[in-house]
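Per-entry structural report
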Amino acid sequence: MRHFTTEVLIIGAGGAGMYAAIEASRQGAGDVLLLERSLIGRGGATVMAQMTVAAALEADDDWHFHYQDTLTAGRGLCDPALAALLCEVGVDVIREMEGWKVGWARDGNRLRAVQAPGHDRARCVYVDFLSTGPAVSRTLRTQLQRHERIRRLGDVVVTDLVTQEGHVTGAVGFDIASGTPVTIEAKATILATGGLTRLYRRNSASAHMSGDGFALALRAGAKLLGMEFVQFFPIGHLAPRMVGMDPIMWDPFRYKLGGRLLNGAKEEFIDRYGGTDEGRYTTTRDLATYAITQEVAAGRGSPAGGAWLSFRHVPQATLREAFGPVIDKLAANGIDLTRDDVEVAPIAHYHMGGVRVDTGMRTDVPGLFAAGEVVGGANGANRLSGNAITEALAFGKIAGAEAARAAPGPAFSPAAAAEALALVGAEGPARNTAALVVALQAAMADHAGPFRDAAGLARASAAIAAIRAEAGPLPPGAPGLPHDMVRLDWFDLRQMLLVADSIVAAALARTESRGAHQRIDHPETEEDWRVNLLLSGDERGLDITRIPVPEAA
Amino acid sequence: MPQATLLIRRGVAGEPPRHDSFTLEFEPGASVLDGLRRIRAEQDPTLAIRYACLNANACKECMMVVNGRVTYACTARLEEGTTTLEPLPNKALLRDLVTQIAPPDERF
Ligand SMILES: Cc1cc2nc3c(=O)[nH]c(=O)nc-3n(C[C@H](O)[C@H](O)[C@H](O)COP(=O)(O)OP(=O)(O)OC[C@H]3O[C@@H](n4cnc5c(N)ncnc54)[C@H](O)[C@@H]3O)c2cc1C
Ligand code: FES
């Protein structure tokens, strides 16, 4: 076993975790441990972002405009204080990234910005070509290395937080490479574990997005809100099969070139659902997801079960100028956009819900902070494109500063870590946990996707219970072996099942449709439902309370 | 239905390697990583592989030797017939296709 002692522990090294580490160090934390289950800066969604980052950077823009757009997109459920922080601190962090030479695309002195759907003007900056995420990650990694007080540690997965007298005092997990159990004692712990899209069959994010942070928070006594709002990205690549490119890659094509979204009969259809298309990209994600799904349900889908996306009207030279090497990558996949349309369909992409925090990113449990996608509330029922990276960096910065200043809780007691450590060292019967993960993804996609009804959600619940029973209470096989994926999948599944419980419970409770949550059996948006659902508990039972949406200050 | 066979070098450090062969339906366009993930879910969950981003070719965690050439499992195409897979030769072996790729100052 290995034990680490640190002032600030950060779990997850994506944009939020890396920025938090840098800020905690700058604000005087004696030492910072940045822990990651994969490679630092490479395991999560941040490195995969291909599109844009929203911030009111130009003189003719103002963060208040960005804030208004964020509230509108959030369909009445944004926490205004968090949304304001995203937009205001977002400007600082995007500028600071510029100073750190991230390389935002520019025209002379002006950063090049595009207008993404839902924004009132061009405020989304990016790094060419489709390199926003890799550039953000690389830049933060370089900065991390300049801070001697930050210790970076990859390959360690956190399985439980340690609580004492209602305080989080550290964490338990294991080193994946060797199987060695790990305990960490920390004055303050920041969850920066990202989203939960691995719960769905078709998703745009990484293998590590099992929603660990939501489950860790719940088990430690923190509360979640907005868990019913899983964002589906409407035009995820569906067919033909492509390699080497993320399925969300068509979004930047639409920003730059428009493109036309067509049904199986090659007709435009967004206007039938209240949006406009006409070769311009203005429809928000929830509406586009709805429109495509409805067309497919009505038998008007493309052959693989989605919609067509066409750039055939765009000249070769324009394509090349906008996307350079990406056009060659498409060619290597046999796709020539001047000749071929591609098929797209909604794909799980981002989570609006998450851990409840205050404006200092403090959770309901002292000693525990959260930052980035794992936080709930800033984006309400629907997130604007470009807001997620900004959220990760801005909230990371705030959490890092607050954690550095946090008052210490009780001294770490190994006894408080004993139960979690026993689970890491337990030995259970063999199981095909990889198959159980696939079964859970299927159940969630089929019954708890963007369109739900009570009957489907009941089926999802039953599937979760059956998978949990099959997974059993103990991790399969002997502990302490190198890169044991059967056990790792079991620990992931344990978190995924609790997260699935919380999505299904919240989706069942919200008997209306709003943003990313569409109830087929309750299609209207109800003013009475302009409330949040707050969850606490664990797999033995979740409590749901309706709480008002905080008012703007 | 055409088939793809993956002949995989397996084992942990310090034990003699063994070679396991897995056969699956060949789907045009699929990647080697698609095939490996299917094998884990449908045939042998103990097969150790390493990957994060699945498609984006952003994490660079899935590097291995495919038919003698170092490449990414997520961009190499699955082929009809037999493909051999081995772990990276110049990195410490952890298990099966997984090697120690984390920088030395970022692991313990
Ligand atoms: C393909 C794709 C494209 C996107 N494009 C954009 C875009 O253009 N613009 C935009 O604004 N947003 C975009 N998003 C969303 C945005 O990238 C994410 O919301 C944001 O990067 C989240 O940052 P984060 O730091 O909170 O989490 P992540 O970057 O996901 O990092 C979380 C880290 O925590 C680690 N971790 C998780 N659990 C544990 C555990 N138990 N123990 C240890 N470590 C753990 C993970 O391995 C991961 O490295 C995109 C998302 C995807 C998937
Ligand atoms: S899985 Fe990420 S690069 Fe291959």
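Residues numbered from 1 in each chain as written. Chains lettered and ligands numbered in written order. Predicted model: local features only at pLDDT ≥ 70, side-chain atom pairs only at ≥ 80, totals over all residues. Heavy atoms only, no water.

**With respect to the overall build of chain B**
Let me state the cut-off plainly: Secondary structure elements follow DSSP: runs of H or I of four or more residues count as helices, runs of E of two or more count as strands, with numbering from the N terminus. The globule rule used for comparison is 2.2 Å times the number of residues to the exponent 0.38, while the radius of gyration itself is calculated over C-alpha atoms. In what follows, a contact means two residues having at least one pair of non-hydrogen atoms within 4.5 Å. Areas reported as accessible are Shrake-Rupley estimates using a 1.4 Å probe. Residue values count occlusion only from the protein chains shown.
Broken down by element type, chain B carries one helix and seven strands. Order of helices (α) and strands (β) in chain B, N terminus to C terminus: β-β-α-β-β-β-β-β. In terms of C-alpha radius of gyration, chain B reaches 14 Å, essentially the compact-globule figure of 13 Å for 108 residues. Counting only C-alpha atoms and orienting by the principal axes, one finds that chain B spans roughly 45 × 35 × 25 Å. Here the analysis covers contacts within chain B between residues at least 6 apart in sequence; of these, 44% occur between residues at least 24 apart. Total accessible area computed for chain B in this model is approximately 4700 Å², and 48% of it derives from carbon and sulfur atoms.

**As for the overall build of chain A**
Test applied: Residue burial is assigned from relative accessible area. The probe radius is 1.4 Å, only protein chains are included, and a residue is buried under 20% of its type maximum, exposed over 50%, and partly exposed in between. By the counting rule applied here, Lys and Arg register as positive and Asp and Glu as negative, while His and the ends of each chain are not counted. For the purpose of locating charges, the reference atoms are NZ of Lys, CZ of Arg, CG of Asp and CD of Glu.
Within chain A one finds 14 helices and 22 strands. Computed over C-alpha atoms, the radius of gyration of chain A comes to 22 Å, within 12% of the 24 Å expected from 2.2 N^0.38 for 553 residues, which places it in the range of a compact globule. Overall, chain A is about 65 × 55 × 50 Å in size when its C-alpha atoms are taken along their principal axes. Within chain A, buried positions represent 64% of all 553 residues. Across chain A, the fraction of contacts at a sequence separation of at least 24, relative to all contacts at a separation of at least 6, is 73%. Carbon and sulfur atoms form 52% of the exposed surface of chain A, whose accessible area is close to 18300 Å². Across chain A, 54 positive and 64 negative side-chain charges occur, with their mean positions spaced 4 Å apart.

**Some words on the site of ligand 1**
All names here are of chain A. Our working rule: Note on terminology: near, applied to a residue and a molecule or strand, indicates that one of the residue's heavy atoms is within 4 Å of it. In the analysis that follows, any N or O atom pair within 3.5 Å is treated as a polar contact, provided that within protein one partner can donate a hydrogen and the other can accept it, and provided that, for residues neighboring in sequence, both atoms belong to side chains. Note on residue categories: nonpolar means Ala, Val, Leu, Ile, Met, Phe, Trp, Tyr, Cys or Pro, charged means Asp, Glu, Lys or Arg, and polar means any other residue, Gly included.
Around ligand 1, a shell composed of 40 residues is seen, among which Glu36, Thr46, Thr52, Asp212 and Glu373 lie nearest. In this structure, an oxygen atom belonging to ligand 1 sits 2.8 Å away from a main-chain N or O atom of alanine 45. Between ligand 1 and threonine 46 there is a distance of 2.5 Å, counted from an oxygen atom to a side-chain nitrogen or oxygen. Here ligand 1 has 1000 Å² of accessible area as a free molecule, and 99% of this is covered by the chains. When residues of the shell around ligand 1 are assigned to their parent elements, the largest contribution, four residues, is made by helix 10 (residues 387-405). Considering only residue class, the shell around ligand 1 consists of 18 nonpolar, 16 polar and six charged.

**Concerning the domain arrangement of chain A**
One frequent convention defines the size of an interface as the accessible area lost when the parts assemble. Residue and element names in this part refer to chain A. Quick reminder of the rule: Note: domain ranges come from an automatic or database domain assignment. By buried area we mean the combined loss of accessible area, with a 1.4 Å probe, across both parts when two parts are placed together.
One can read the domain layout of chain A as domain 1 (2-229 + 352-409), domain 2 (238-346) and domain 3 (421-522). A straight line from the C-alpha centre of domain 1 to that of domain 3 covers 24 Å. Counting residues at the interface gives 37 residues for domain 1 and 35 residues for domain 3. Note on domain 1 versus domain 3: buried area summed over both sides is about 3000 Å², and carbon and sulfur give 62% of it.

**Notes on the sheet that holds strand 17 (residues 354-355) of chain A**
All names here are of chain A. Under the convention used in this document: Criterion used throughout: strands pair if DSSP finds at least two bridges between them. Axis lines are fitted through C-alpha atoms, for helices just across the contact stretch, and the angle between N-to-C directions can take any value from 0 to 180 degrees.
Overall, antiparallel pairing links the four strands, which are arranged 17-12-21-22 in an open sheet. If you trace the sheet from one side to the other, it starts and ends with strand 17 and strand 22 (541-548), each paired once. Examined bridge by bridge, strand 12 (residues 224-225) and strand 21 (residues 531-538) share two bridges and lie antiparallel to one another. Across the sheet, residue leucine 224 finds its bridge partner in strand 21, namely leucine 535. Along the sheet face, helix 14 (residues 485-509) touches strand 12, strand 21 and strand 22 and points at about 45 degrees away from the line of strand 22.

**Regarding the pairing of strand 16 (residues 342-351) of chain A**
Residue and element names in this part refer to chain A. Among the 10 residues that make up strand 16, 10 are buried, leaving the element largely enclosed by the rest of the structure. Where strand 15 (residues 307-310) and strand 16 come together, three bridges link them in antiparallel fashion. Following the sheet pairing, alanine 307 is matched in strand 16 by valine 344.

**Things to note about the nonpolar core**
Residues and elements named next belong to chain A. Put simply, the rule reads: As used here, the term nonpolar core means buried Ala, Val, Leu, Ile, Met, Phe, Trp, Tyr and Cys residues forming a set that is joined through side-chain atoms within 4.5 Å.
In this structure, Trp104, Phe395 and Met444 are the most contacted members of the largest nonpolar core, which totals 135 residues. Here this core gets 13 residues from one element, more than from any other, and that element is helix 14. Summarising the domain contributions, this core has at least three residues from each of domain 1 (2-229 + 352-409) and domain 3 (421-522). When neighbours within four sequence positions are excluded, tryptophan 104 is seen to be in contact with Val53, Ile94, Met97, Glu98, Leu111, Val125, Tyr126, Val127, Thr132 and Val136. With 40 residues, the next largest nonpolar core counts Val114, Ile235, Leu309 and Leu330 among its residues.

**Some words on the packing of helix 1 (residues 15-26) of chain A against helix 10 of chain A**
Residues and elements named next belong to chain A. Put simply, the rule reads: By convention the crossing between two helices is left-handed if the near helix lies anticlockwise of the far one by an angle smaller than a right angle, and right-handed if it lies clockwise.
It is at 7 Å that the axes of helix 1 and helix 10 come closest, and there the two elements cross at 35 degrees. Handedness of the crossing formed by helix 1 with helix 10: right-handed. Contacts from Gly15, Ala16, Tyr19, Ala20, Glu23, Ala24 and Arg26 in helix 1 reach Ala392, Leu393, Gly396, Lys397, Gly400, Ala401 and Ala404 in helix 10. Of the residues belonging to the contact of helix 1 with helix 10, the class tally is eight nonpolar, three polar and three charged.

**Regarding the interface of chain B and chain A**
Basically, it comes down to this: The term salt bridge refers to a side-chain nitrogen of Lys or Arg lying within 4 Å of a carboxyl oxygen of Asp or Glu.
With 38 residues of chain B at the contact, the number on the chain A side is 48 residues. For the chain B face of the interface with chain A, the top three residues by lost area are Asn55(B), Glu106(B) and Phe108(B), together amounting to 25%. Across the pair Arg152(A) and Asp105(B) runs a salt bridge, and its minimum N-O distance is 3.2 Å. Our enumeration of links across chain B and chain A arrives at 17 residue pairs in polar contact (both at pLDDT 80 or more). Among the elements of the structure, helix 1 (32-42) and strand 6 (93-95) of chain B are those that each provide at least two residues to the side of chain B that touches chain A. At three residues, helix 1 of chain B tops the list of elements feeding residues into the side of chain B that touches chain A. Its residues placed into classes, the side of chain B that touches chain A shows 21 nonpolar, seven polar and 10 charged.

**Looking at the packing of aromatic side chains**
All names here are of chain A. Quick reminder of the rule: Working definition: rings of Phe, Tyr and Trp (its six-membered ring) pair if their centres are within 6.5 Å, and the pair is stacked with planes under 30 degrees apart, edge-to-face with planes over 60 apart, and tilted otherwise. Two conditions define a charge sitting above a ring: the NZ of Lys or the CZ of Arg must be within 6 Å of the ring centre, and it must be within 35 degrees of the ring normal.
In this structure the tally under the stated criterion is 12 aromatic pairs over all chains. Ring centres 5.6 Å apart and planes at 40 degrees place the aromatic pair tyrosine 290 and phenylalanine 451 in the tilted group. Taken as a pair, tyrosine 290 in helix 7 (residues 285-297) and phenylalanine 451 in strand 19 (residues 451-452) lie far apart in primary sequence, 161 residues in all. Overall, tyrosine 290 belongs to the partly exposed group, its relative accessible area being 30%. Judged by relative accessible area, which is 17%, phenylalanine 451 ranks as buried. Ring plane angle 90 degrees and centroid distance 5.0 Å describe the contact between tryptophan 490 and phenylalanine 491, whose orientation is recorded as edge-to-face. According to the relative accessible area criterion, phenylalanine 491 is buried, its value standing at 3%. Chaining the aromatic ring pairs together yields one cluster made of Trp250, Phe253, Phe311 and Phe323. Positioned over the ring face of phenylalanine 323 is lysine 256, at 4.8 Å from the centre of the ring.

**Some remarks on the sheet that holds strand 14 (residues 260-262) of chain A**
All names here are of chain A. Across the sheet, which stays open at both edges, the four strands sit in the order 13-16-15-14 with antiparallel pairing between neighbours. On the outer flanks of this sheet lie strand 13 (230-239) and strand 14, each paired with one strand and no other. Strand-to-strand twist across the sheet, computed as the mean angle between neighbouring axes with direction ignored, equals 45 degrees. Pairing of strand 14 with strand 15, which is carried by three bridges, proceeds in the antiparallel orientation. When the sheet's bridge partners are listed, arginine 260 is paired in strand 15 with serine 310. Its contacts with the sheet put helix 6 (residues 250-257) on strand 13, strand 14, strand 15 and strand 16, and the angle it makes with strand 13 is roughly 90 degrees.

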